[in-house]
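In case you want the letters, here they are:
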Amino acid sequence: MTGVADLLREDLRGRQPYGAPQFDVPVRLNTNENSYPLPEVVVEALQKALAAELAGLNRYPDREAVALRTDLAAYLGHGLTAERVWAANGSNEVQQQLLQAFGGPGRTALGFTPSYSMHPLLAAGTGTGWIDGRRGPGFDLSPAEAAAQVRAHRPHVVFLCSPNNPTGTALDPAVVEAVLAEAPGLVIVDEAYAEFARAGTRSALTLLDDHPYLVVTRTMSKAFGFAGGRLGYLAAAPEVVAAVRLVRLPYHLSSLTQAAARAALAHADVLLGTVAAIKRERDRLVAELRQRGAEVADSDANFVLFGGLGDQRSVWRALVDRGVLVRDVGLPGWLRVTAGTPAETDAFLAALDQAWRRDGVPGDPAVADGAGAPDEGSGRG
Ligand SMILES: Cc1ncc(COP(=O)(O)O)c(C=O)c1O
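Since the model is a prediction, treat every value here as computed from it, not as a measurement.

Engineer: Run through the environment of Ala147, naming residues and quoting values.
Structural biologist: Residue position: Ala147 is located in helix H6 (residues 143-153). Given the relative accessible area of 8%, Ala147 is considered buried. Taking the C-alpha atoms as reference points, Ala147 and Val179, separated by 32 residues in sequence, lie 5.1 Å from one another. Filtering out sequence-adjacent residues up to four positions away, Ala147 remains in contact with Ala178 and Glu182.

The following block contains the structure:
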């Protein structure tokens, strides 16, 4: 008899699902969540908003989520209106819908690796061919390099990510403009971490009026601390919104999600109050890691990529053993740590000081006598 595995689409066979570990350890700094629980005033507002929906759950929600889209447009500014904004269960779903509408079998999407690991997975799920674009040394991407790759491949969809996950650095706006000038299809700028960017960083939202192929995706999962609420959105031309409406499931956003997201947005000031504190921890992590001799990419996000670790898997394991979960994004020698509370930074740095040192791994005799480079470190400590 044929096994289920044999029934699977050929292009999905042997693939692994997205799977950041969800370990129950005291310090979880591996999925770039906001470490701060929602403040009481927001919890109460959510309780009220959700309670008001409960008796009406016998009815389907507003399929077009107009009130929520209106609130999201007001939050974004830039003269946006509901007809240029779309929302779904996380920006992952928004991007999936974009690929369903603009990608698909026989079409291609290009992203500049390393970048957000879900972009190629969403391409795979929608049968869109994936093209791994290149970055230069230090993960740089120049306008000319980016444009040349778009010119060479002529993809139906380009993914840019600014600030980029996992590197943390915001894109030079000239890169976005160079790609827009060259791209024959949709250009998605994933701005999941935009609210954490350093002062003076320009959002691609400023380019929307002049570029009908541009889509900017955002999320409430990070700065708003609303990852469990699952709400992502996009801003684009009305034609893009009309296109995703062709592929979205009917009633994809539950009444509860819409009500909760609106209540959270009504408290944007309170929720975004954590951003300054997180940026302080982000900058502290950058400084502390550099002081310890790690290579550190500049960060405009709520996480920091640090390298020069040698075997990053053993450092990762040694951190987990000390109750600190960070992310091994599969870049040899590098790990990514989320910026959370000051106490989490303290715990991470204390664990790291036991797990890794630039000049060797504490407790490893081979290293202690100078024979070992950091990349021979076992993470024992
Ligand atoms: C660059 C990037 N885009 C999108 C997302 C997904 O966010 P959401 O929770 O809105 O699906 C993430 C989550 O880590 C991310 O890093």
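Moving on from the coordinates now.
Engineer: Break down the nonpolar core for me, citing the residues and quoting the values.
Structural biologist: Of all hydrophobic cores here, the largest spans 47 residues; its most connected members are Met220 and Leu231. Looking at this core element by element, the count peaks at five residues for helix H9 (residues 255-266). Within the second largest apolar cluster, 36 residues are counted, among which are Ala294, Phe303, Val304 and Leu349.

Engineer: Explain the confidence of the model for the protein residue by residue, including any values.
Structural biologist: On average, the protein scores 92 in pLDDT, and the residues at 70 or more come to 94%. Low confidence marks residues 363-381, where pLDDT is under 50. Its contacts with residues over four positions away, or in another chain, come to 37 contacts.

Engineer: Would you mind going over the side chain of Ser299 in detail, with residue names and values included?
Structural biologist: As for its placement among the helices and strands, Ser299 is situated in the loop between strand S9 (295-296) and strand S10 (303-307). Here the side chain of Ser299 touches Phe303 through a polar contact of 2.6 Å, landing on its backbone oxygen. Every residue in contact with Ser299, bar those within four places of it in the chain, is listed here: Gly168, Arg198, Arg282 and Val304.

Engineer: Describe the site of the ligand, and please don't skip the residues or the numbers.
Structural biologist: Close contacts around the ligand come from 13 residues, with Ser91, Asp190, Tyr193, Thr219 and Ser221 the closest. Contacts to the ligand include Tyr193, whose side-chain N or O atom sits 2.6 Å from an oxygen atom. Between the ligand and the protein, one listed contact pairs an oxygen atom with a side-chain N or O atom of Lys222 at 2.8 Å. Assessed atom by atom at 2 Å from the grid points, the ligand resides in the largest pocket.

Engineer: Tell me what's going on with the environment of Gly3, and back it up with residues and numbers.
Structural biologist: Residue placement: Gly3 occurs in the segment before helix H1 (4-7). Taking relative accessible area as the criterion, Gly3 reaches 31% and is therefore assigned partly exposed.

Engineer: Which residues make up the packing of helix H3 (residues 66-76) against H9, and what values go with them?
Structural biologist: Between H3 and H9, the least distance of the axes is 10 Å, while the angle of their chain directions is 25 degrees. Accordingly, the angle class assigned to the pair H3 and H9 is roughly parallel. Remark: the crossing between H3 and H9 carries left-handed chirality. Contacts between H3 and H9 pair Ala67, Leu68, Asp71, Leu72 and Tyr75 from the former with Gln258, Ala261, Arg262 and Leu265 from the latter. Looking at the contact of H3 with H9 residue by residue, the class counts come to six nonpolar, one polar and two charged.

Engineer: Tell me about the packing of aromatic side chains, and name the residues and values.
Structural biologist: The final tally for this structure, using the stated rule, is seven aromatic pairs. One cation-aromatic arrangement involves Arg336 over Phe303; the distance from NZ or CZ to the ring centre is 5.4 Å.

Engineer: How would you summarise the layout of surface pockets if you had to cite specific residues and measurements?
Structural biologist: Of the pockets and cavities examined, the largest pocket occupies roughly 1,000 Å³. Taken together, 45 residues form the lining of the largest pocket, with Tyr18, Tyr116, Ser117, Met118 and Arg327 sitting closest to its centre. Of the residues forming the lining of the largest pocket, the biggest block, four residues, is contributed by helix H5 (residues 118-125). There is about 210 Å³ of room inside the second largest pocket. Lining the second largest pocket are 14 residues, with Arg135, Phe139, Asp140, Thr169 and Ala170 sitting closest to its centre. Residues belonging to the lining of the second largest pocket are distributed by class as follows: six nonpolar, four polar and four charged.

Cut-offs and rules
- Residues numbered from 1 in each chain as written.
- Predicted model: local features only at pLDDT ≥ 70, side-chain atom pairs only at ≥ 80, totals over all residues.
- Heavy atoms only, no water.
- Helix = DSSP H or I, 4+ residues; strand = E, 2+ residues; numbered from the N terminus.
- Buried < 20%, exposed > 50% of the residue type's maximum accessible area, 1.4 Å probe, protein only.
- Contact = heavy atoms within 4.5 Å.
- Core = buried A, V, L, I, M, F, W, Y, C linked by side-chain atoms within 4.5 Å.
- pLDDT = per-residue confidence, 0-100.
- Polar contact = N/O pair within 3.5 Å; in protein donor to acceptor, adjacent residues only side chain to side chain.
- Near = heavy atom within 4 Å.
- 1 Å grid on protein atoms, 1.4 Å probe; cavity = no way out; pocket = protein on both sides within 12 Å on 5 of 7 lines; lining within 4 Å.
- Sits in = over half its atoms within 2 Å of the grid points.
- Axes fitted to C-alpha atoms, helices over the stretch in contact; angles between N-to-C directions.
- Parallel < 35°, antiparallel > 145°, perpendicular 65-115°, else oblique.
- Left-handed = near helix turned anticlockwise from the far one by under 90°.
- Nonpolar A, V, L, I, M, F, W, Y, C, P; charged D, E, K, R; others polar.
- Phe/Tyr/Trp six-rings, centres within 6.5 Å; stacked < 30°, edge-to-face > 60°.
- Lys NZ or Arg CZ within 6 Å of the ring centre and 35° of its normal.
- Points joined across faces, edges and corners; volume = space filled by probe spheres on them.

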